[in-house]
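This is what each chain is made of:
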Amino acid sequence: MKAAFAGSFAVRLIEPVRKRLTIPCEIVSGDEAGILYRLGDADVLVSMAFTKEMAAAGNRLRLLQVPGAVLDRIDRSQLRAGLALANAYGHEAGIAEYVIGAMIALTRSFRRLDQKLRAGEWESQWSVGTPAPPLWPELAGRTLGILGFGHIGEALARRAHAFDMKVCAVQRHPPSGSPHGLMFVGGPERLDELLGRSDYLAITLSLSAETRGLIDARRLGLLKPSAYLINVARAEIVDEKALYDALAGGRLAGAALDVWYRYPTSARSTAPAAAPFHELSNVVMTPHVSGWTEGMIEARAAVIAESIARTARGEEPVNAIAFPD
């Protein structure tokens, strides 16, 4: 067996996968362009992307293993008979914990309080000669709206219930009845209702032609001015300018953004967006790390190693995705 790992994310999984392999396997790696000349005799390609060039170079490939959950960079028109497609999860616990932490950090103004106390300013009931600040709200009793109720959404709902929050969700194909403890899990036709109810909106759905720009200026306007938005899915689901304007204009209380409109293509400094989100004090910015946890690495490495072994035996990989849809 020969497995090629392409792209910076996939390459970081090589050693954890190697430790879990139960069969002999040659492993090669490179960036998405540089891997092409090494695909001619490869059986497996581990990559977040699959292009026409990769398909042409890898005519012996038996498994296209996406080392993440989303398939937005996979050109499915290039998949052929005999080439299995599979993905990997294991990130849901880490991302759900990130969302809970972000909600607390935003609600309790941790960033501002930290900066002020470092300068000796006490914005608290312990200050002398100044009024105490307004009381902070609690998560208990607040409504969390989850846009996209898959692995991450389900993990997040369980944790939100532990904080005594109310939870509602929207997904493409909702169940006939709401899961236990949720206000509702509705279809896309209930999105506007979900936005109006939410004190916190967590975006956890995949990017597609239907979801790109889904949260535009009109839909941002349906959120309460006191609401917070947390995006751990894909930046392009939310219109960039509309989001910035809502945050800068006080029409949205705040946001935690872990996914961005621009990503590095070199070692040079890279601004994550055209809009100056970094100038806003009501935004928590993180560089797409919500799922980068020990548990995620272990889970994905185990899945990838097992799928390589199954491919060697002529079996279906873990998390096989039917094609065509």
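What you see is a predicted model; the values in this text were computed from it and never measured. (Residues numbered from 1 in each chain as written. Predicted model: local features only at pLDDT ≥ 70, side-chain atom pairs only at ≥ 80, totals over all residues. Heavy atoms only, no water.)

(A) Quick peek at the overall build of the chain. Counting its regular elements, the chain contains ten helices and twelve strands. Computed over the C-alpha atoms, the radius of gyration of the chain is 22 Å, within 12% of the 20 Å expected from 2.2 N^0.38 for a compact globule of 325 residues. Referenced to the eigenvectors of the C-alpha coordinate spread, the extents of the chain come out at roughly 75 × 50 × 35 Å. Scored against the burial criterion, the 325 residues of the chain give a buried share of 47%. In the chain, the share of contacts with a sequence separation of at least 24, taken over all contacts with a separation of at least 6, comes to 61%. With an accessible surface of roughly 16200 Å², the chain has 53% of that area assigned to carbon and sulfur atoms. (Helix = DSSP H or I, 4+ residues; strand = E, 2+ residues; numbered from the N terminus. Rg over C-alpha atoms; globule rule 2.2 N^0.38 Å. Buried < 20%, exposed > 50% of the residue type's maximum accessible area, 1.4 Å probe, protein only. Contact = heavy atoms within 4.5 Å. Areas by Shrake-Rupley, 256 points an atom, 1.4 Å probe, with all protein chains shown as cover.)

(B) Quick look at the sheet that holds strand β5 (residues 84-86). The five strands are arranged β2-β1-β3-β4-β5 in an open sheet whose pairing can be described as parallel. Where the open sheet ends on each side, the last strands, each with one partner, are β2 (26-30) and β5. The mean inter-strand angle of the sheet, taken between neighbouring strand axes irrespective of direction, is 20°. The sheet contact formed by strand β4 (residues 63-65) and β5 spans three bridges and is parallel. Across the sheet, glutamine 65 pairs through a bridge with alanine 86, a residue of β5. In the packing of helix α10 (residues 294-312) onto the sheet, the strands contacted are β1 (2-6), β3 (44-47) and β4, and the crossing angle to β4 comes to about 175°. (Pairing = 2+ DSSP bridges. Axes fitted to C-alpha atoms, helices over the stretch in contact; angles between N-to-C directions.)

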